[in-house]
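Here is how the chains run, residue by residue.
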Amino acid sequence: MTAVVNSPISRARWRDLLGAEWIKLWSLRSTAIVLGCLIVGYVYLAYKAAITTYDAWPTMAAWMKAVEDPAHDAFDFPAFMLFEAAMGTIGAMTISGEHASGLIRTTLIAVPDRNRVMLAKVAVVTGVLAAVGLVLSTAVWAATFTVFSGRINGYSFSTPGVGRSILATTLMAPVCGLIGMALAALIRNTAGTVFTVLAFFLVGPVAFKGRVPLLSADLAADISNRLPAYSWARLCLMAHGHIVGRIASVPTAWSALIGWAVVSVALVVLLRRRDV
Amino acid sequence: MIEINELTKRYGSVVAVDRLTFSASPGQVTGFLGPNGAGKTTTMRMLLGLNTPTSGTATIDGRRFRDFGTGLRHVGALLDANDVHKGRTANAHLAALARSNGLPRRRVQEVLETVGLADAGKRRIGGYSLGMRQRLGIATALLGDPPVLLFDEPVNGLDPEGIRWARELFRRLAAEGRTVFVSSHLMSEMEHTADHLVVVGGGRLIADEPLAVFAARATTSQVVVRTPDPQALALVLREAGGSAQPTGGESVTVTGLTAAQVNELAFTHRVMVHEVTAHGGTLEDAFMELTANSLQYRAGSVAVGGAGR
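A. Here's a closer look at the sheet that holds strand β12 (residues 251-255) of chain B. Residue and element names in this part refer to chain B. Spatial strand order, β11-β12-β10-β13: four strands in an open sheet with antiparallel pairing. At either end of the open sheet lies a strand with only one pairing partner, and these are β11 (243-246) and β13 (275-279). Strand-to-strand twist across the sheet, computed as the mean angle between neighbouring axes with direction ignored, equals 20 degrees. As paired elements, β11 and β12 share four bridges and run antiparallel to each other. Within β12, the position partnered with A244 by the bridge is V254. Contacts from helix α8 (residues 230-239) reach β10 (222-226), β11 and β12 within the one sheet, and its direction differs from that of β11 by about 165 degrees.

Now the structure itself:
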């Protein structure tokens, strides 16, 4: 017969909660598979794009060479819309996966402090997706520079704009994940959440480029420029030779990305009071 | 120690739990009984801080559950065995929970051994049978070696061996001085497990008393007789002051007379009987009578007994 111990009350420690969320994230096989495939896939796309430019370089007109933007090859906007949607879905699944399976109840019985549980989850998703963004963008540039070498000169990691695009991608990936988490906390239903995430990341940037009902053209452009996709794309822009239309300033783009993150985290934390 | 005081939960116009007050003490198994929809699960969820009460309080060792920083060392609970992510292994599932509470990793293997899943830890939970998931849920509750344990319908899906095992486990946990609170909609489950019964129906408290006291309610006894001539026997028994009801075929159900009296009457009136069986009133009967008035979901048009007050 063991003695029954009444333990003292103690707050959940951050490192324990982070450790628990870390185990949860990586103990699902899909996490490693999806993140691995995304990194490999996008580096391959950048590699192919760089080869196309490399092959075309000798026959390219001089004015085109003058406005060459290697980031345009490295970070293909339409392809990265899908990347943003993937990041959003991964973030969303960390919450809606718990709600759909009912695991959220088991989690909250183990740690009743909902604030801390959600913030630990936010921190782990942010950290992991930031690492994905950093590794991916660095590898994308490494592939590009390797292909360019010997023919298209003057580009390296120290070229102005390269560092910014790496930092922007490192920020963009977790921001998209956090938006997904916020939508999942709001909607809870898995199918509804994934639909909304895909609509936001895939349809949103396209829709706001057209005429938006009830919004003036200026307002629509302002909103559009602050969408995560365009904010990130603005920060990846190294030479904007012939862009038609309005683009945001660099500080606006940074603050828009950070704003999305702050609002998303606030939603995740504020929605914690509901019954589960 | 679990204390529920005037606990109420409304969902719109539906009152799921209605001013419920009771407590569960350490060192005994408290059975929480009630038909489907009686408010048992809602009560347990409020106790565990998952749902917010409309009014009233539910405390564990004098504290609201949400005021515990980490839960597992204080309260172990199994609400629904399916509240797990089916893509994870039992090891990973328990390791994450143990980690969140700062419990040592070895607890995972220990509790898996306690519930008989030592060899299944590396398998994904999606491949588990319902019985195995129940065992995993019980393992989760035991992880922090807590003084208070809550189990919501823990034996659903367990095989007879598993039910006996669970029953003995609950008895042992209570014998160690823990508060063990087990809900069920089956009286038969509680009969051999609980020391104390809390019976609810329609969200209200119906009974809160030791099992022995509850058992004393089960007094209506009856005698079932098999005879080739039910009509003749019924007549004899009615004349003797009993109530006899032919219940199809060759059997008659008698109340108001003992088995010995029935035998004697049959002998003296020369009515052939093949079998006389006395049925003591069961706890099941007492439970059914008590909750008959509160049943929310009932099949067909069953006559409602007047008992329950």
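B. Looking closely at the packing of aromatic side chains. Across all of its chains, the model carries 18 aromatic pairs over all chains by this definition. Ring pairing ties together the aromatic residues Y42(A), F75(A), F80(A), F83(A), W141(A), F145(A) and W232(A), which thus form one cluster. Across from the ring centre of W165(B), 4.7 Å away, lies the NZ or CZ of R135(B), which sits over that ring.

C. Highlighting the sheet that holds strand β3 (residues 29-33) of chain B. Residues and elements named next belong to chain B. In spatial order, the strands read β5-β6-β7-β3-β8-β9; together these six strands make up an open sheet with mixed pairing. Strand pairing shows two members of the sheet lacking a second neighbour, β5 (75-78) and β9 (204-210), which therefore form its edges. Geometrically, the sheet is characterised by an average inter-axis angle of 15 degrees between neighbouring strands, direction not taken into account. Where strand β8 (residues 196-201) meets β9, six bridges bridge the pair, whose relative direction is antiparallel. For V199, the partnering residue across the bridge sits in β9 and is A207. Those strands touched by helix α4 (residues 130-142) are β5 and β6 (148-152), and its axis lies near 170 degrees from that of β5. Helix-sheet contacts for helix α5 (residues 160-175) involve β3, β6 and β7 (179-184), and the interaxial angle to β7 is about 150 degrees.

Criteria and thresholds
Numbering of residues starts from 1 in every chain and runs along the sequence as written. Labels are handed out in written order, letters beginning with A for the chains and numbers beginning with 1 for the ligands. Whole-chain, interface and lining totals are the exception, using all residues; otherwise, since this is a predicted model, local features are given only for residues with pLDDT of at least 70 and side-chain atom pairs are given and counted only at 80 or more. Side-chain measures were taken over the full set of non-hydrogen atoms in the model, leaving aside hydrogen atoms and water. Two strands pair if DSSP finds at least two bridges between them. Under the scheme used here, helices are H or I runs from DSSP no shorter than 4 residues and strands are E runs no shorter than 2 residues, and both carry numbers assigned from the N terminus. For helices, the fitted line uses only the C-alpha atoms of the stretch in contact; every axis is such a line through C-alpha atoms, and the angle between N-to-C directions lies from 0 to 180 degrees. Contacts are assigned to residue pairs with any non-hydrogen atoms lying within 4.5 Å of each other. Two aromatic rings from Phe, Tyr or Trp, using only the six-membered ring of Trp, form a pair when their centres are within 6.5 Å; if the ring planes differ by under 30 degrees the pair is stacked, by over 60 it is edge-to-face, and anything between is tilted. The criterion is that NZ of a Lys, or CZ of an Arg, lies within 6 Å of the ring centre and within 35 degrees of the ring normal, and then a charge sits over that ring.

Fair warning: the whole summary comes from geometry, so function is off the table for now.
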